[in-house]
Every structure is written in structure tokens, then in C-alpha cells.
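Read off the chains here:
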Amino acid sequence: MRPVEIKPDVHWVGAVDWNCRNFHGYSRSPWGTTYNAFLVKDEKTVLFDTVKHDFLEHMLCNIAQLTELDKIDYIVANHMEPDHAGCLGELIKLAKPEKVFCSPMGKKAMDSYFHDTQDWPVEVVASGDSVSIGKRTVQFIETRMLHWPDNMFSYIPEDKLAITSDAFGQNWATSERFADEVDRSFLRRRLAEYYANIVLPYSPVVLKTLDALAGMNLDVDMLSPDHGLIYRGDDVAWVLDQYREFAEQKPKNRAVVFYDTMWHSTEKMALAVADGLIDQGVSVKVMSVKANYHSDVMTEVFDAGAVAVGSPTHNNGILPELAETLTYIKGLRPQNKIGGVFGSFGWSGECVNILTQWLEDMKFEIPEKGIKWKNAPTHETFQQCFDLGKAMGQALKAKL
Ligand code: FEO
């Protein structure tokens, strides 16, 4: 990619990671991602964020088409996670900037990531601080725990531009740079997937941040996250609305049934539970955890009002891949779900109690006792599972 001028004298100089398939070691990213960085040329030349270290040369090539490295006066490091600050050390060595701005928590993260920062020209900035760079001013807004303690936004009122670090990002590698140039439903899906797997536990912070931004009456006509497409014009309000909807986690008329199975008994039970939900007019997705990575299951859980989980009993417990998926989901703290459990067993049959405990720990509302069945299911089993799905569907409808 070459640099892209997104506003007069404001240039995207990031990198497109077409082949990223696992984001940060825990979330599948089948559509790749981008690491967005921006160069603003004013009386001061300012670089906002860097890129993942593997893409240092891409960013240097982009910058070289606009200026010499030693002409960079300031670097703003909105976030210290290595996909954005991975090249910070090299950039400071090469560009010798006059100042590097970061938040108070950013300074702590910087020192613990790089260790040799004592000579770096760091200036710590907090919410409300600003710096003049010529015709423009950069205002800083700390957004602690959205999604790390150090994250902050940079806002340039003269350009009506907000650079928002990870918030509002999507994992999607594209040749386009703007949200209005791509398919909307696919974009929303990528936005939801990113939210579900990265931002969801911090939903209360998202709501507070959205309220605070509204209270500040910022005039924004372009919002640039550090991953994926940039929002401009009406898309700014669109993405803020999407985030409010995501953070509120109101139940939707959708369900996911996910399970693991040994000899297909639990799988057959899963299909019968799904039929019960469908009978109540709920849109259902059925997912084996062997066929679906945990982050894909999580995206569906996030988008669902009801969640049914199944596993056979295995060594007095549940199957390990299902336990792994539940561990991942629990960490992301989904809210406002109707839950249900089921599973087959050979002799001891602990699966249903264990799964119930998982869902109770996540504060799911469980309207019906779980269904367990010894070895091969029968018509009676399927009827019980169908009734479980039906009860879940009715409980969900009562919440909509
Ligand atoms: Fe995209 Fe928190 O890093």
C-alpha cells in the first residue's frame, strides 16, 4: 500500500496485514487486519501510532513518500500494545523526535515493554491536555480500559478528526481505507466480531466513554480506529450507535447451540434443542466446537439472546475443547443471556451439573433443568431436548 491522504495534510501511513489469521494469539481473523498510523504535516510533523513490528518497513516506505524520517517532530503513542507501539523504539532511534506523547498509564507500559526509555523525550499527557502543532491542536482524551489501561484518543478539532486507537476497529484487510467504500453488512459483522472478542468485557467503560464524548460536544466528521476502515460523514454517528447497541447487550431474538460430542449422541441432542428454539421463532445457529474456533463461537454468543451448551460426560467432567471454549467465553463476560444445557453420558453423568455451574457463574438465566441421557438418545430424548429449546425460546421472548 501507498500512503493515503485522508484529509489535507493528514496521511494514512499504516500497513495492511492481508495474511493475519490469528489476532494476538486468541482470536481468529480470517479476513486479515490493518495497523493504522497517521502522519500529520503542519508546522510540526506528527506521527500518530506505529505498526506491528513485522510491518516496520511498510510504514517507513509510506513515510518516506511524504517526508524524511528526521523531519518527524512528535510521535503520539495512543496505545502501547505491540501491534501499535511495536516499532516505537526503532522510530525514536531513527527519527529522533523532539517529543513523544503518551498517557500516564502509557508511560508505565512503555517502560515495562522497552526497558531503555530513560533517554526518550517522553511527555506524559492526560485528558484535557493539548498541544499546538501549528494551525492545528491535538487534544488528548484518556480512555482507560478501552481496552487497556493506557489507551487514549487524539482529537484534532481543526480537522474534525478523532484517532481512537483500538475502539471502533475491525479486523479486515482491504485495499479501501473508508467504511463507505465497502459492503455495510460485512463491515458490521467485522465490527461486531472485534467488539465481541476484544472490547466486550469493557462495555461499561464504552457506555461511559460514549456519554463523555457526547458531553464534550466534539465536532467529529472523521473517526479513525487503529484497525480496519475509517469512518467519515454519517458513518461517524453510525459507528457510535453501533457501539452503544453492542455495549448495552440487549437480548436479541437469536440463539446459538454449541456443543462437543464423542459418538454423536450429544450432537443429536443439540439439533433437537435447536428445533425447539426454531419452533418459537428464534433464529438459531448450531456450532460444534471442533468445527468452530472459540472466537467464532463467541461472536455468535455475543449476538444471541439464548445460549444452549452441550457436552457428554468425560472422565467425570466435560470434553476439553468445550471447556476451553467456555473458559474463553466466560472471560469476555457476556450479559443478559438465557441459558440451557444438555449432554449424554455412559455411567457417571456429571456433564449437566458442570455445564449448569458454568452458565450460573456467568449469570445466565436458566429457565429449565438440563437434559442428560444415557448413551444413545431416543425419541423421548429428542422430545425432552425439543422442550428445553422451546422453554428457552419462550423465556427469551419474554425478555425482548
Ligand atoms: Fe490493536 Fe490493543 O491493540
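Placed above this text is the structure.
Cut-offs used in this document
Residues numbered from 1 in each chain as written. Predicted model: local features only at pLDDT ≥ 70, side-chain atom pairs only at ≥ 80, totals over all residues. Heavy atoms only, no water. 1 Å grid on protein atoms, 1.4 Å probe; cavity = no way out; pocket = protein on both sides within 12 Å on 5 of 7 lines; lining within 4 Å. Points joined across faces, edges and corners; volume = space filled by probe spheres on them. Helix = DSSP H or I, 4+ residues; strand = E, 2+ residues; numbered from the N terminus. Axes fitted to C-alpha atoms, helices over the stretch in contact; angles between N-to-C directions. Parallel < 35°, antiparallel > 145°, perpendicular 65-115°, else oblique. Left-handed = near helix turned anticlockwise from the far one by under 90°. Contact = heavy atoms within 4.5 Å. Nonpolar A, V, L, I, M, F, W, Y, C, P; charged D, E, K, R; others polar. Core = buried A, V, L, I, M, F, W, Y, C linked by side-chain atoms within 4.5 Å. Buried < 20%, exposed > 50% of the residue type's maximum accessible area, 1.4 Å probe, protein only. Domains from an automatic or database assignment.

Novice: Where do I start with empty space enclosed by the protein in this structure?
Specialist: If you roll a probe as big as a water molecule over the atoms, it shows you where there is empty space left. All chains considered together, the criterion is met by one cavity of 30 Å³ or more. Considering only enclosed or pocket space, the largest cavity measures out at about 30 Å³ in volume. Forming the walls of the largest cavity are Ser 27, Arg 28, Ser 29, Asn 171, Glu 193, Tyr 194, Asn 197 and Ile 198. Taken together, the elements giving at least two residues each to the lining of the largest cavity come down to β5 (27–28) and α5 (184–199). Ranked by residues supplied to the lining of the largest cavity, first place goes to α5 with four residues.

Novice: Got a minute to help me understand the packing of helix α10 (residues 320–331) against helix α11 (residues 351–361) in this structure?
Specialist: The relative placement of two packed helices is expressed as an angle between their axes plus a distance between the axes. As a packed pair, α10 and α11 sit with axes 11 Å apart at the nearest point and diverge in direction by 10 degrees. Regarding the angle of α10 to α11, the classification is roughly parallel. Once α10 is placed against α11, the crossing between them reads as left-handed. Across the interface between the two elements, Leu 322, Ala 323, Leu 326, Thr 327 and Lys 330 from α10 touch Leu 355, Trp 358 and Asp 361 from α11. Partitioned by chemical class, the residues of the contact of α10 with α11 number five nonpolar, one polar and two charged.

Novice: When you look at the nonpolar core in this model, what are you seeing that I'm missing?
Specialist: As a rule of thumb, soluble globular proteins bury nonpolar side chains together. Of all hydrophobic cores here, the largest spans 85 residues; its most connected members are Leu 88, Phe 168, Tyr 195, Tyr 231, Tyr 243, Phe 258 and Leu 326. For this core, the element with the highest residue contribution is α5, accounting for eight residues. Counting the residues that make up this core, at least three belong to each of domain 1 (4–248) and domain 2 (255–394). Contact partners of Leu 326, with chain neighbours within four places excluded, come to Phe 258, Val 309, Ile 318, Leu 355, Trp 358 and Met 362. Counting 24 residues, the second largest nonpolar core, distinct from the first, contains Val 10, Val 16, Val 46 and Ile 156.

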